[in-house]
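If you want the building blocks of each chain, they are given just below.
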Amino acid sequence: MTPYSEAPNQAGMEQDVEHAVHKPYRAYRPRPFTKSERDHSTVLFGGLHWRAERLIQGAMENLGYRSQVLSAPTKEDLMTGRELADIGQCCPTSFTVGNIANFLRSQARQTSAAEVAKKYVYVTAGACGACRFGQYHQSYELAMRNIGMESFRMFLLAQNGLDQGAADGGGLELNLPFTMGAIWAILAADVVQDLEYQTRPYEVTPGETERVARKSIDYLYEVFRASPALSRKTSAPLWYLVTSRFVKALREVFRNFHNIEVDRLRVKPVVKLTGEFYLQTVEGAPNYNIHRWLESEGAEVYPAAIAIWLDYLLRFAGQNYEDHIGVGGCARLKLGVIKTGQSLLRWSYNRMRTALGNLPHEMPDQYELRELAAPYYHSRLDGGEGDMLIGKALWAYHHKKAHMTCELSPYSCMPNSMSIGAMAAVLGKHPDLLYAPLEVKGDAEVHALSRCQMVLTEAKRKAQQEYEEVLDRTRLSPEQARELLESSPQMKRATYRIPRCGVVGTAANLVLHLANRKRQ
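From a predicted model like this one, the values you see are computed outputs, not experimental measurements.

As a further point, take the overall build of the protein. A count of helical and extended segments in the protein gives 20 helices and 10 strands. Taking 2.2 N^0.38 as the reference for a compact globule, 520 residues should give roughly 24 Å; the C-alpha atoms of the protein span a radius of gyration of 25 Å, in line with that estimate. In terms of principal-axis extent, the alpha carbons of the protein reach across some 95 × 60 × 60 Å. Among the 520 residues that make up the protein, the fraction classed as buried is 53%. For the protein, contacts bridging at least 24 residues in sequence account for 75% of all contacts bridging at least 6.

Another aspect to go through is the state of the cysteines. Enumeration according to the criterion identifies 0 disulfides in this entry. Its sulfur unpaired, C91 is 6.4 Å from the next cysteine sulfur, which belongs to C90.

Attention now goes to the pairing of strand β10 (residues 434–440). A large share of β10 lies buried, amounting to 6 of its 7 residues. Inspection of the sheet shows strand β9 (residues 404–410) paired to β10 by 7 bridges, in the parallel sense. When the sheet's bridge partners are listed, S409 is paired in β10 with E439. Note on the crossover from β9 through helix α17 (residues 414–429) to β10: the handedness is right-handed.

Time to look at helix α18 (residues 445–474). In this model α18 runs 42 Å from its N-terminal to its C-terminal C-alpha over 30 residues, within 8% of the 44 Å that 1.5 Å per residue would give. Turning to α18, its buried residues number three or more, namely A448, L449, C452, V455, L456, A459, A463, E466, Y467, V470, L471 and T474. Close packing links the buried residues of α18 with β7 (270–275), α12 (290–296), β9, β10, α19 (478–486) and α20 (506–519). Just downstream of α18 lies R475, where phi reads positive at about 60 degrees.

Strand order across the open sheet formed by 4 strands is β8-β7-β9-β10, with parallel pairing between neighbours. The open sheet terminates on both sides in strands that have one partner only, identified here as β8 (300–302) and β10. Geometrically, the sheet is characterised by an average inter-axis angle of 25 degrees between neighbouring strands, direction not taken into account. Relative to β8, β7 is paired through 3 bridges, and the arrangement is parallel.

With that out of the way, let us pick up the packing of helix α13 (residues 306–323) against helix α14 (residues 331–355). Their axes nearest at 8 Å, the elements α13 and α14 cross at an angle of 165 degrees. Classified by the angle their axes make, α13 and α14 are roughly antiparallel. Of the two possible hands of crossing, α13 and α14 adopt the one that is left-handed. Every residue of α14 that contacts α13 at A307, L310, D311, L314, R315, A317, G318, Y321 and E322 is listed here: A331, K334, L335, I338, K339, G341, Q342, L345, R346 and Y349. Here the residues of the contact of α13 with α14 are counted per class, giving 10 nonpolar, 3 polar and 6 charged.

Once that is clear, we can look at the nonpolar core. L55 and W184 are the most contacted members of the largest nonpolar core, which totals 71 residues. In terms of residues, this core owes the most to one element, helix α7 (residues 176–199), which gives 12 residues. Domain assignment of the residues forming this core places at least three in each of domain 1 (26–174) and domain 2 (181–353 + 374–492). Counting residues in each nonpolar core, the second largest holds 28 residues, with I290, W293, A436 and L438 among its members.

In this section: the environment of R214. With respect to the element layout, R214 can be found in helix α8 (residues 208–225). Residue R214 is classed as partly exposed on the basis of its relative accessible area, which comes to 40%. Spatially, the C-alpha atom of R214 lies 10.0 Å from that of E196, the residues being 18 residues apart in sequence.

On to a nonpolar patch on the surface, then. Taken together, the side chains of L381, M414 and M418 make up a nonpolar region of the molecular surface, amounting to roughly 240 Å² of accessible area. Turning to its location among the elements, M414 is positioned in helix α17. You can call M414 partly exposed: its relative accessible area is 44%.

Conventions we followed
All residue numbers here refer to positions counted from 1 along the written sequence of the relevant chain. Where totals are concerned, whole chains, interfaces and linings use all residues; where local detail is concerned, this predicted model gives features only for residues with pLDDT of at least 70, and gives and counts side-chain atom pairs only at 80 or more. Side-chain descriptors were evaluated using all non-hydrogen atoms of the structure, hydrogens and water having been removed beforehand. Secondary structure elements are taken from DSSP: a helix is a run of H or I of four residues or more, a strand is a run of E of two residues or more, and numbering for both begins at the N terminus. Here the globule rule is a power law, 2.2 Å times the number of residues to the power 0.38, and the radius of gyration is based on C-alpha atoms. Partly exposed residues are those whose accessible area sits between 20% and 50% of the maximum for their type, while under 20% is buried and over 50% is exposed, using a 1.4 Å probe and protein chains only. Working rule for contacts: check all heavy atoms of both residues, and any pair within 4.5 Å makes them a contact. For the purposes of this analysis, a disulfide is any pair of cysteine sulfur atoms at a distance within 2.5 Å. By definition, two strands form a pair when at least two bridges between them are found by DSSP. The handedness rule is simple: strands pointing away from the viewer, and a clockwise path from the first strand over the helix to the second, make the crossover right-handed. By this rule, a helix spans an expected 1.5 Å times one less than how many residues it contains. Under this scheme, a helix contributes an axis fitted over its contacting stretch, all axes are lines through C-alpha atoms, and angles between N-to-C directions fall in the 0 to 180 degree range. Working rule for angles: under 35 degrees goes down as roughly parallel, over 145 as roughly antiparallel, 65 to 115 as roughly perpendicular, anything else as oblique. Crossing handedness follows the turn of the near helix against the far one: under a right angle anticlockwise gives a left-handed crossing, and clockwise gives a right-handed one. Each residue gets one label: Ala, Val, Leu, Ile, Met, Phe, Trp, Tyr, Cys and Pro are nonpolar, Asp, Glu, Lys and Arg are charged, and the others, such as Gly, are polar. Buried Ala, Val, Leu, Ile, Met, Phe, Trp, Tyr and Cys residues that are joined via side-chain atoms within 4.5 Å together make up what is termed a nonpolar core. Note: domain ranges come from an automatic or database domain assignment. To count toward a patch, a residue needs a relative accessible area over 30% and no salt bridge; like charges are then connected within 9 Å, while nonpolar side chains (Val, Leu, Ile, Met, Phe, Trp, Tyr) are connected within 5 Å. Working definition of accessibility: Shrake-Rupley area with a 1.4 Å probe, residue cover restricted to the visible protein chains. Any Lys or Arg side-chain nitrogen located within 4 Å of an Asp or Glu carboxyl oxygen qualifies as a salt bridge.

Here's what the structure looks like:
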């Protein structure tokens, strides 16, 4: 090709580049969603475990919203998400993008894309920060364009704001009544989930815990849906803090669990789940169904409570004011307000724990987690769960909460890659801390679970050794321990609280408890 023939093409390319450079970026902005549309438009949401989603749905319907929980994401959703959006996104984005896209496609086949855009709006979490979470909205927007639904409306709920006001049009009000209802739904779901996971590995009748848990969540859904309507910003926080409505409802849940017979002399390792928020929370294909897989492999799962994440967000916000005490206006006062919020969150969570017989695990102290992680991970590093992943692993180790920690991270996630790197120093100092970091791509299940299984095998050995050492210490045989348990039928109820006696495993703690009662 001659220089003469190249010149026009080169000039055209320069014009295109110049046009692209001067064209400003326009962030996604949805069409207004008006109050008049509430009665015939459905708010879609998802991304948590089914208990929290169902109770949030009740809280939203209490405020007059028509709402629908999206079904749990599947491998098909993963492939759709990769096809429609940025291939470099993390797997939580691929799953959630594909999930909403496939749902909208299925609805459009029954009616039309225009009708679906009118009938549904989507609410999801959004944020700024070091990880790809800050760009999720761009992936959603790209996917909507690629399926011909540019007019579909999506609204982001910032994870660091309690009162964000009304979205364009006023149809979706992300205010204090909305946020407080969602938070209390999460707290209630957390404690029920915790009790469920403590019960199911030891149930005598398979499937009974699942049945009771679903019955309990359906009951709590009605409790949230039929709560007194709270539309005023000032009254909602106070009402949620002082009401006994949800505590009484959880006592009814406790009575339902009481009917489940358990055998806690089964020796099982306790596995604490941590990691990226979505992967540690959701139950299903996005994390290889790790909760149920661990149970099928003979483990007791210690699930990740969403409330701990809320507590961390408050603590992280407070650190900024800590750094400005003496140099910033009212920094000490603002820090005090945040710490008061943390105290109220923990107090409310503990009220619900008490309603369930104090069986659900307590929330770890955020400032202890920060102190434990400080030698390995700077507390001011933002993105993901920051220093909390290191802190939770060490907290579970030092306080004998779990035999091993399994950390779930999206493939090539920067914040989690940093925490995994920092854990190398932790393991160097505490070589007996069992830690299984899993990078989740969504389609490499065999590789991830086999890696977890290697560490789980060691955790099983550790749990069995602990149990045998307790038998030697108490001079009991397994048969004698069984006889003592049979003579105390109340201990075979799911609602019986076994005191923690300085060991990790449920069976080992039960043997120590039986021995102490025998001596008395």
